[in-house]
Amino acid sequence: MTTEPAALIHRFNAAQRLIHWAVGISFTVLFLTGLAFSYPSLFWLTNLLGGGPTARALHPWVGLVFSISMAATFSMWMREMSLDATDWHWLRAIRAYAQHQTADVPPAGKYNGGQKLFFWAQTVLGVVLLISGLALWFPNTVANVVPTASTLLASMRLVHYAATLAGGLLLTMHVYLGLFAFPGTARGMIDGKVTRAWATMHHSAWEPATDATRVPKDDDRR
Amino acid sequence: MSTLSIKRISATASPAPGIRSTPEYAKLVDISSCIGCKGCEVACKEWNDLKVEPTANFGSYQSHKDLSAHTWLLMRFDEVEMSGRVQWLIKKDACLHCEDPGCLSACPAPGAIVQYENGIVDINHEHCIGCQFCVTGCPFDIPRFDKETKKVYKCNMCVDRVEAGLEPACVKTCPTHAISWGSKEDMLSLAEHKVDLLKDRGFENPVTYNPAGVGGTHMMYVVPHGNHLADYRLPANPTASPLPLTGLGVLKRIGAYLLGVGVLSSLVHYLTIGPQAAEDLHPHDH
Amino acid sequence: MTNHWKDIKNADVVLVMGANPAENHPCGFKWALEARNTRRAQLVTIDPRFTRTSAVADEHLQIRPGSDIALLGGLVRYILTNNLHHADYVRAHTNASFIIGERFSFEDGLFSGFDEATSQYDASTWEYDRAPDGYVRRDVTLEHPRSVFQLLKQHYDRYTPERVAQITGCSEEDFLRIAKIVCSTGTADRVGTIMYAVGWTMHTVGTQIIRTAAIVQLLLGNIGRPGGGINALRGHANVQGATDHAIVAGILPGYLRVPQPSQTSLASHLEASTPQPLVRDTANYWGNYPKFFVSQLKAWFGDRAQPDNEFGYHYLGKMEEDATWLSIWDQAHQGKLEGFIALGFNSLLAGPNVSRLLEAMAKLKWKVVIDPFMMDSAEFWKAPGMKPSEIDTEVLYLPTTHWIERDGSFTNSGRWAQWKEKAIDAPIGVRSDTWILSELFWRVKELYIAEGGAYDEPIQSLTWNYLNPREPTMTELAQEINGSDLTSGRRLSSFGELKEDGSTASGNWLYSGSYPEAGNQMARRATEDPTGLGMHHGWAWSWPLNRRVLYNRASADQDGAPWDGTRSGIAWNGREWIGDVPDYGRTTPPGAMGAFIMTEEGVARLFSPLLKDGPIPEHYEPVESPTVNVLHERVPINPVLRWYDGIRETLAQENDRHAYPYPCTIYRVVEREHFVTSNVPYLVEAMPDFFVEVPEGLAAEKGIENGGQVRVWSRRGEVQGTAIVTKRIGPLTVNGRTVWTIGVPVHWGFVGITQGSMANELTPFIGDANTGCPEFKAFLVNVEAVEKRG
């Protein structure tokens, strides 16, 4: 690696970026309307989606988009996201990472342990949200199948909310880290490129096959 | 009905606007005097101009299999044997207008469900968002969703009639006076009287159905065989706040804190530790 | 009703049998519940099914359709063997003490005087034993072996609980449990009422079922008393009014008689129709028959009714043929009837054996249907299986106003004539009944005037003095019915003012006083109730004379003291009777005459020589029965029935019992009112489809599923519908065999919002021996599960 630190290297291809934003935007919409449905004082947020009834009508459809995007996310990243010993080392140093004590942070590959955990967490939450969401979308169907539907559906509300809350917290962290805490990160999801310096700092064990001067290929993913 | 009479209002952080003091009404259904004529069922549809639904006999005197957005009151017919004798249980099924309405507390749409000072629980359809959480929240399985309008409907105790000083249409039409109407207090004492009468007539377990789990109801029943509530399709211990929903309420509060803490701690991190750009780390590499 | 709806609240025991008031009279039924709820009255139902009435009753007893007399006869025996009768009442107010002539006998199911050739009784063998003075001999000790009391005892001695159980199919214990309750009112301080309806009348022994009930009530001393009586529940809002105004064949308005061909003069008609007193102390009020009859002729023919033309007596048609329902349609079936005008009913669905009825209708040259709604009877040529191209009948349908679109009166079951006002306007082009009938009258009259013709006098002589003679108002008609003094023009205040010399006119003597000079009494709406017994003398008007309880003289003992002071019908205060309008002279002292002023005996008849099929009711099986008559195998059914040609062949024979093993009965449901409600969407929604009630045990045997389709067939036809498999009909053990009962509702046809099988496809073309009322309530069928049609 002797290229210039400022030189750009390719991190995410177009498909990955599209899927990321599909997940991101749909989740944000879901999260905000979900907040509106959960907190009377935030009900005005439904206006972002055309008012209460429309927001309510669109919410499950956006949920469907979210779920499909999540499925795509999963299939795209699944293989890269298995955690190994390196990742656990990294995770143990997460406090140092947060305090920018770079020297104390073990080197990470293309994805660090935090990102991998994030991936798995959102996968699990996605499944939970889908299942509970479907139940709440079709309560009559549930009632026709399950004898004590109202308790089940109330539980589904609880579960849906809990998963949303967890997702919301993850989203907050994700946005903060990506947009504010580590400048240069977000670019990876905009034009797909990051600087060599950024890569070195965050993913020193990552060995990208190419730099961004080349046309990216599918096997860029390492 | 006037907003001056609203005692509780769904999904609204501010207090309900009701300042009026109106008597609390109640309907009392004496099952032992009900002959299942469906007069109330038809009167309900007539007064509220609910549309005729195509029905088909399904092996019962019961007209519809279930309540619907267009049938707010259904006479249910069940044949059971109790200690060797056939009983034909005929029950008027409609909204019980709980004092502590599970539908209202489950509703996320501001103002979509209100409770008036007189005890009537009503849906304001222009505010209903069609989430059906009230359906889930109701311990009596009463509200019904309409697929066309995407709103939920149920008995409104003829709130328009009551406001004008009239009894609900079902009460008006009942030919055997099996449905009584008056102040909650009067109906409670009438119920007590009717229960005593049933005991006199040899019934062993007559009860007034006014379940405490929902704070009492504004449609109460006198049930001749109170030890067979399930046969009447009446839950023995209905509650306005089932465990999951109580949990949800608590979690929502915690959630609000957590989300706030999440955002705030990001801000604190940004201000104290600050961002870290890769370029800052490697200036000497140039 | 001897009493009235609200009076039922005064009862201690309410027996509902042959009726299902919760279903068919829900508004009036409230008073039975009122009695149950306020007096702790016991409400008992006896029925082939556990009905909606049973659902709120204290006790229910299931019996086999058509076994009512056995059950009631069992009650009579229970009363007499246990000495539960109200002895003072029976002695004072019934003919228990009357001695019957020696020619009377009853053996092996036949009373004396039976003529095998004509299948009729010679009722002269049932006459009372007369003393030389012409009056009936009596034995107040009731010990005389030929006293009515002893004959009754003897007759019903055969109706033991074992026998009752054997015939009706209930268990002995259940019978005794019910008997104990029902027969508990034979004391001065207790009163019981009986509510019945067409579940009794619509049998080949219908009249005798009601007679048996009357005997029970008389023995218990319950007739004439508030809270008592024998109460016929009428099937429509104004059936009582229609009956009072001669809807029944054989009577003129006010229960006057249609002249017979043999009565060739007014005098002979009056002589044959006016009863003579049988005892010295009877008011024998029917002795006034000539006043009622002549006044009626005056109302109809006015100035054309004069002494010299016998008040127009000859303008009246004489009844050569029986004109009851079955006879009419038998004539039509033989092609002897040219045309038929049906006003206010669905003639096709209302009669038995629809297939036969359809054959008969197709032979008519013309048929006129006058009704607010198009109906099956106007479209009979479109009925399933009919070939319109082969039917020549010209059918005219005249839309008319619904009762809600016109003024008028309803007379309810309790004889209360209640005036009502038009609620909404009729649709444009729809004419009232009065317009249609007036127009019919005028056009016939005009044809007579223009062209002449045979026997035009009745039409030419009919008075038609109305402000608008093409459409009289209901008020004019009501006033004409009330009647007036023709000399002064003053409207009468009572039928006591009627005269036989032609100086008074009254369309219906019973209604005299309903619209006097003081105004329309039927429109009164005062709610005061000084008696506290729900009599409400200021509310509407009840015949006769605003009397609320018939025979109320019997509510008091011989001295005029009420049997029960808390439920006093009338009471003698030394000068006059107070309370209800007395069924007795207002100032006639208690002992002066018998309590039952309408009878020539002056008392009520436990034994009645006036019926065609016997003076004491006897149990006969329905013409289709699952069992032999265990009382007398050789005379299984009512021996004096009228058999029309070809009818025996349409019945299940004794050797067919395996092919038609199940008794079936027909009834209404509360959601529907006969056939008219098939035009009302909300009511069709409430009870959409024709159904068949099948007992759970039979359904299991036959593989019939709840909600599945079943076919039910009799020798005459079949129906198909949704099965309601029910616990409410249990197995009966009839004469040692298990018998299952099937139930079928009547409301469906092929015109209306929903269509369904016509229940009367199944029913037999046979009627009551006295009234001709068809047997709708007990016949045999078979049943099987089928695939859904279409």
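Given the structure is predicted, the values throughout are model-derived calculations rather than measurements.

**With respect to the overall build of chain B**
And then number 1: When helices and strands are tallied, chain B shows eight helices and eleven strands.
And then number 2: Here the C-alpha radius of gyration of chain B, 25 Å, is well above what a compact globule of 286 residues would show, namely 19 Å.
And then number 3: Dimensions along the principal axes, computed over C-alpha positions, put chain B at roughly 100 × 45 × 40 Å.
And then number 4: Residues classed as buried in chain B amount to 49% of the 286 residues present.

**Focus on the overall build of chain A**
And then number 1: Looking only at helices and strands, chain A features eight helices and two strands.
And then number 2: Across chain A, helices and strands are ordered from the amino to the carboxyl terminus as β-α-α-α-α-α-α-α-β-α.
And then number 3: On the principal axes, the C-alpha backbone points of chain A span a range of 65 × 35 × 35 Å.
And then number 4: Looking at the 222 residues of chain A, the share that counts as buried comes to 33%.
And then number 5: Of all intrachain contacts in chain A linking residues separated by at least 6 positions in sequence, the fraction that spans at least 24 positions is 66%.

**Regarding helix H1 (residues 14–38) of chain A**
And then number 1: The first and last C-alpha atoms of H1 of chain A sit 35 Å apart over 25 residues, in line with the 36 Å expected at 1.5 Å per residue.
And then number 2: For H1 of chain A, the elements touching its buried residues are helix H2 (52–77) and helix H7 (149–181) of chain A together with helix H7 (243–272) of chain B.

**Remarks on the nonpolar core**
All names here are of chain C.
And then number 1: Grouped together as the largest cluster of nonpolar side chains are 263 residues, with contacts concentrated most on Val-14, Val-76 and Tyr-196.
And then number 2: In contact with Tyr-196, other than residues within four places in its own chain, are Met-17, Gly-18, Ala-19, Ile-210, Ala-213, Ala-232 and Leu-233.
And then number 3: Among the nonpolar cores identified, the runner-up in size contains 32 residues, and Phe-293, Phe-311, Trp-539 and Ala-540 belong to it.

**Things to note about the interface of chain A and chain B**
And then number 1: Counting from both sides, the interface comprises 41 residues of chain A and, opposite them, 41 residues of chain B.
And then number 2: If one sorts the elements of the side of chain A that touches chain B by residue count, H7 of chain A sits on top with 17 residues.
And then number 3: The class makeup of the residues in the side of chain A that touches chain B is 24 nonpolar, 15 polar and two charged.

**With respect to the confidence of the model for chain A**
Residue and element names in this part refer to chain A.
And then number 1: When pLDDT is averaged along chain A, the result is 82, and 91% of the positions lie at 70 or above.
And then number 2: When the elements of chain A are averaged for pLDDT, helix H8 (residues 196–202) gives the smallest value, 77, and H2 the largest, 92.
And then number 3: Here residues 213–222 is modelled with pLDDT under 50, and outside its nearest four sequence neighbours on either side it reaches twelve contacts, counting other chains as well.

**Looking at the interface of chain B and chain C**
And then number 1: In this assembly, 31 residues from chain B lie in contact with 33 residues from chain C.
And then number 2: When contributions to the side of chain B that touches chain C are tallied by element, the ones reaching two or more residues are helix H1 (39–47), strand S3 (74–82), strand S4 (85–93) and helix H6 (184–200) of chain B.
And then number 3: Per element, the largest residue contribution to the side of chain B that touches chain C is five residues, and it comes from H1 of chain B.
And then number 4: Taken together, the residues that form the side of chain B that touches chain C break down as eleven nonpolar, eleven polar and nine charged.

**Let's talk about the sheet that holds strand S1 (residues 6–9) of chain B**
Residues and elements named next belong to chain B.
And then number 1: The sheet built from three strands is open, its strands ordered S1-S5-S6 with antiparallel pairing. The open sheet is flanked by S1 and strand S6 (121–123), the only strands paired with a single partner. Going across the sheet, the axis of each strand differs from the next one's by a mean of 30°, ignoring polarity.
And then number 2: Of the pairings in the sheet, the one linking strand S5 (residues 113–116) to S6 comprises three bridges and is antiparallel in character. Looking at S6, one finds that Val-114 is bridged to Asp-122.

**Quick notes on the sheet that holds strand S10 (residues 207–209) of chain B**
Residue and element names in this part refer to chain B.
And then number 1: Read from one edge to the other, the open sheet built from four strands follows the order S9-S2-S11-S10, with strand pairing classed as mixed. Since the sheet does not close on itself, it has two edges, and those belong to strand S9 (179–183) and S10, each with one partner. Between one strand axis and the next, the sheet turns through 25° on average, direction left out of account.
And then number 2: In this structure, strand S2 (residues 25–30) lies alongside strand S11 (residues 219–223), joined through four bridges in parallel fashion. Residue pairing across strands places Leu-28 opposite Met-220, the latter belonging to S11.
And then number 3: The sheet contacts of H6 involve S2, S9, S10 and S11, and relative to S9 the element is tilted by about 140°.

**Some thoughts on helix H5 (residues 113–137) of chain A**
Residues and elements named next belong to chain A.
And then number 1: Its 25 residues give H5 an end-to-end C-alpha distance of 35 Å, which sits within 8% of 36 Å, the value for a rise of 1.5 Å per residue.
And then number 2: Within the span of H5, buried status applies to Gly-113, Gln-115, Lys-116, Gln-122, Leu-125, Gly-126, Leu-129, Ser-132, Gly-133, Ala-135 and Leu-136.
And then number 3: Tucked inside the fold, the buried residues of H5 contact H2, helix H3 (85–92), helix H6 (139–145) and H7.

**Concerning the environment of Lys-365 of chain C**
Residues and elements named next belong to chain C.
And then number 1: Its place among the elements puts Lys-365 in the loop between helix H15 (354–361) and strand S13 (366–371).
And then number 2: Between the C-alpha atom of Lys-365 and that of Thr-393, which follows or precedes it by 28 residues, the distance is 4.7 Å.
And then number 3: If we ignore the near neighbours within four places in the chain, the residues touching Lys-365 are Glu-338, Gly-339, Thr-393 and Glu-394.

**What about the arrangement of the chains?**
And then number 1: Most contacts, when the two pairs of chains in contact are compared, are made between chains A and B.
And then number 2: Over all C-alpha pairs, chain A and chain C never come within contact, reaching a minimum spacing of 20 Å.

**Some details on the packing of helix H4 (residues 68–81) of chain C against helix H8 (residues 172–182) of chain C**
Any two packed helices are characterised by how steeply their axes cross, that is the angle between the axes, and by the distance between the axes.
All names here are of chain C.
And then number 1: Between H4 and H8, the least distance of the axes is 10 Å, while the angle of their chain directions is 65°. Relative to H8, the crossing made by H4 is right-handed. Along its contact with H4, which presents Gly-74, Leu-75 and Tyr-78, the element H8 presents Phe-175, Ala-179 and Val-182.
And then number 2: Classifying every residue of the contact of H4 with H8 by side-chain character gives five nonpolar, one polar and no charged.

**Brief notes about the pairing of S11 of chain B**
Residue and element names in this part refer to chain B.
And then number 1: Extensive coverage of S11 is indicated by the burial of five of its five residues.
And then number 2: Of the two faces of S11, the one carrying Met-219, Tyr-221 and Val-223 and the one carrying Met-220 and Val-222 are both buried.
And then number 3: Of the pairings in the sheet, the one linking S10 to S11 comprises three bridges and is antiparallel in character. Across the sheet, the residue bridging to Val-207 is Val-223, located in S11.

**What about unusual backbone geometry?**
All names here are of chain C.
And then number 1: Omega for the peptide link from Trp-543 to Pro-544 comes to -10°, which places this bond in the cis form.
And then number 2: Tracing the sequence through the fold places Pro-544 in the loop between strand S19 (541–542) and strand S20 (570–572).
And then number 3: Even without being glycine, Asn-353 reaches a positive phi, approximately 50°.
And then number 4: Inspection of the secondary structure puts Asn-353 in the loop between strand S12 (339–343) and H15.

**A few points about the environment of Gln-115 of chain B**
Residue and element names in this part refer to chain B.
And then number 1: In this fold, Gln-115 is placed in strand S5.
And then number 2: Among the residues examined, Gln-115 registers 25 C-beta atoms within 10 Å and is labelled buried.
And then number 3: Along the chain, Gln-115 and Ala-16 lie 99 residues apart, while their C-alpha atoms are 9.4 Å from each other.
And then number 4: The contact partners of Gln-115, leaving out residues within four places of it in the chain, are Lys-7, Arg-8, Pro-101, Leu-104 and Val-121.

**As for the confidence of the model for chain B**
And then number 1: The share of residues in chain B with pLDDT of 70 or more is 97%, and the mean pLDDT across the chain is 93.
And then number 2: Predicted complex, confidence summary: ipTM 0.93, pTM 0.92.

Procedures and definitions
Residues numbered from 1 in each chain as written. Chains lettered and ligands numbered in written order. Predicted model: local features only at pLDDT ≥ 70, side-chain atom pairs only at ≥ 80, totals over all residues. Helix = DSSP H or I, 4+ residues; strand = E, 2+ residues; numbered from the N terminus. Rg over C-alpha atoms; globule rule 2.2 N^0.38 Å. Buried ≥ 20, exposed ≤ 12 C-beta atoms within 10 Å, placed from the backbone. Contact = placed C-beta atoms within 7 Å. Expected span 1.5 Å × (residues − 1). Core = buried A, V, L, I, M, F, W, Y, C linked by C-beta atoms within 7 Å. Nonpolar A, V, L, I, M, F, W, Y, C, P; charged D, E, K, R; others polar. pLDDT = per-residue confidence, 0-100. Pairing = 2+ DSSP bridges. Axes fitted to C-alpha atoms, helices over the stretch in contact; angles between N-to-C directions. Left-handed = near helix turned anticlockwise from the far one by under 90°.

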